[in-house]
Amino acid sequence: DGGITQSPKYLFRKEGQNVTLSCEQNLNHDAMYWYRQDPGQGLRLIYYSQIVNDFQKGDIAEGYSVSREKKESFPLTVTSAQKNPTAFYLCASSIWGMNTEAFFGQGTRLTVV
Amino acid sequence: AQSVTQLDSHVSVSEGTPVLLRCNYSSSYSPSLFWYVQHPNKGLQLLLKYTSAATLVKGINGFEAEFKKSETSFHLTKPSAHMSDAAEYFCVVSDLTGSARQLTFGSGTQLTVLP
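In what follows, the accompanying structure is described. (Residues numbered from 1 in each chain as written. Chains lettered and ligands numbered in written order. Predicted model: local features only at pLDDT ≥ 70, side-chain atom pairs only at ≥ 80, totals over all residues. Heavy atoms only, no water.)

## Some remarks on a nonpolar patch on the surface
Here's step 1: The grouping of Tyr10(A), Phe12(A) and Val113(A) at the surface amounts to a nonpolar patch, some 360 Å² of accessible area in total.
Here's step 2: Examined against the element boundaries, Val113(A) turns out to sit in the segment after β11 (108-112). (Patch = residues over 30% accessible without salt bridge, like charges linked within 9 Å, V, L, I, M, F, W, Y side chains within 5 Å. Areas by Shrake-Rupley, 256 points an atom, 1.4 Å probe, with all protein chains shown as cover. Salt bridge = Lys/Arg side-chain N within 4 Å of Asp/Glu carboxyl O. Helix = DSSP H or I, 4+ residues; strand = E, 2+ residues; numbered from the N terminus.)

## A closer look at the sheet that holds strand β3 (residues 19-25) of chain A
Strand pairing within a sheet occurs via backbone hydrogen bonds; the two strands may be parallel or antiparallel.
Residues and elements named next belong to chain A.
Here's step 1: One open sheet accounts for four strands, arranged β1-β3-β8-β7; its pairing is antiparallel. Both outer strands of the open sheet, β1 (4-7) and β7 (64-66), are each paired with one neighbouring strand and no more. Going across the sheet, the axis of each strand differs from the next one's by a mean of 20°, ignoring polarity.
Here's step 2: Bridging between β1 and β3 involves four bridges; their strand directions are antiparallel. Bridge pairing links Ser7 to Ser22 in β3. (Pairing = 2+ DSSP bridges. Axes fitted to C-alpha atoms, helices over the stretch in contact; angles between N-to-C directions.)

## Notes on the interface of chain A and chain B
Size of an interface, as often reported, equals the accessible area lost when the parts are brought together.
Here's step 1: Contact with chain A, which involves 26 residues of that partner, is made by 25 residues of chain B.
Here's step 2: Summed over both partners, the interface of chain A with chain B buries about 2,000 Å², with 51% contributed by carbon and sulfur atoms.
Here's step 3: Across the chain A-chain B interface, the total number found is five residue pairs in polar contact (both at pLDDT 80 or more).
Here's step 4: Elements with a minimum of two residues in the side of chain A that touches chain B: β4 (31-37), β5 (43-49) and β9 (87-94) of chain A.
Here's step 5: Of the residues assigned to the side of chain A that touches chain B, the class counts are 12 nonpolar, 11 polar and three charged. (Contact = heavy atoms within 4.5 Å. Buried area = accessible area lost by both parts, 1.4 Å probe. Polar contact = N/O pair within 3.5 Å; in protein donor to acceptor, adjacent residues only side chain to side chain. Nonpolar A, V, L, I, M, F, W, Y, C, P; charged D, E, K, R; others polar.)

## Points about the state of the cysteines
Residues and elements named next belong to chain B.
Here's step 1: Applying the stated criterion across every chain yields a total of two disulfides over all chains.
Here's step 2: What pairs with Cys23 in a disulfide is Cys91, and their sulfur atoms sit 2.0 Å apart. With the S-S bond torsion at -70°, the cross-link from Cys23 to Cys91 turns out left-handed. Taken as a pair, Cys23 in strand β4 (residues 23-26) and Cys91 in strand β10 (residues 87-97) lie far apart in primary sequence, 68 residues in all.
Here's step 3: Classification of Cys91 by relative accessible area gives buried; the value is 0%. (Disulfide = S-S within 2.5 Å. Buried < 20%, exposed > 50% of the residue type's maximum accessible area, 1.4 Å probe, protein only.)

Keep in mind that these numbers describe shape and distance, not what the molecule does.
In structure tokens, the structure reads:
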């Protein structure tokens, strides 16, 4: 089955630690995205990538970093500079084009302890 | 800049009655519009999309939406609610900003279905 796999489903981080969230897709999509979801605020774009070895900041990139070394993979690192990292993180992918929908993973819930 | 406004943060209906979830958008270009559904602690699933073809769009699970350019609206409807429809619904607009494709999400509407 084609799709997007995010891991882990739940992640706990101590303050001051960096953590990496995994996102893998086998849909052969060029574009991949990371969103942050907080209650009552919809989804906010953190980073996106149109092609391998290229990525762009979204609306709330501070405290996050990404890499795109392979077409299938787009990991997100939440650094210690992110002051309020507790949230639900969603990865998505799409064909690069105006009229194409994004496909979403099942999400990772990150909690700072 | 594009934006999406979901006019109701919460909607409650009885099982078997119609559902109406309202969405208004603004966009500099002819946008693509989508409705997604999210069940608790899950990813988003596409319900339907509008891409400048027919203005009445049919989606999965009996949902449909009508694109009204004059009203800049894209409301989601279903004739008869089912308990399994209880979830959060997001209206999304897709537009081009420079060379970048941007998806802008509404803040969501939580649908409750009462027995």
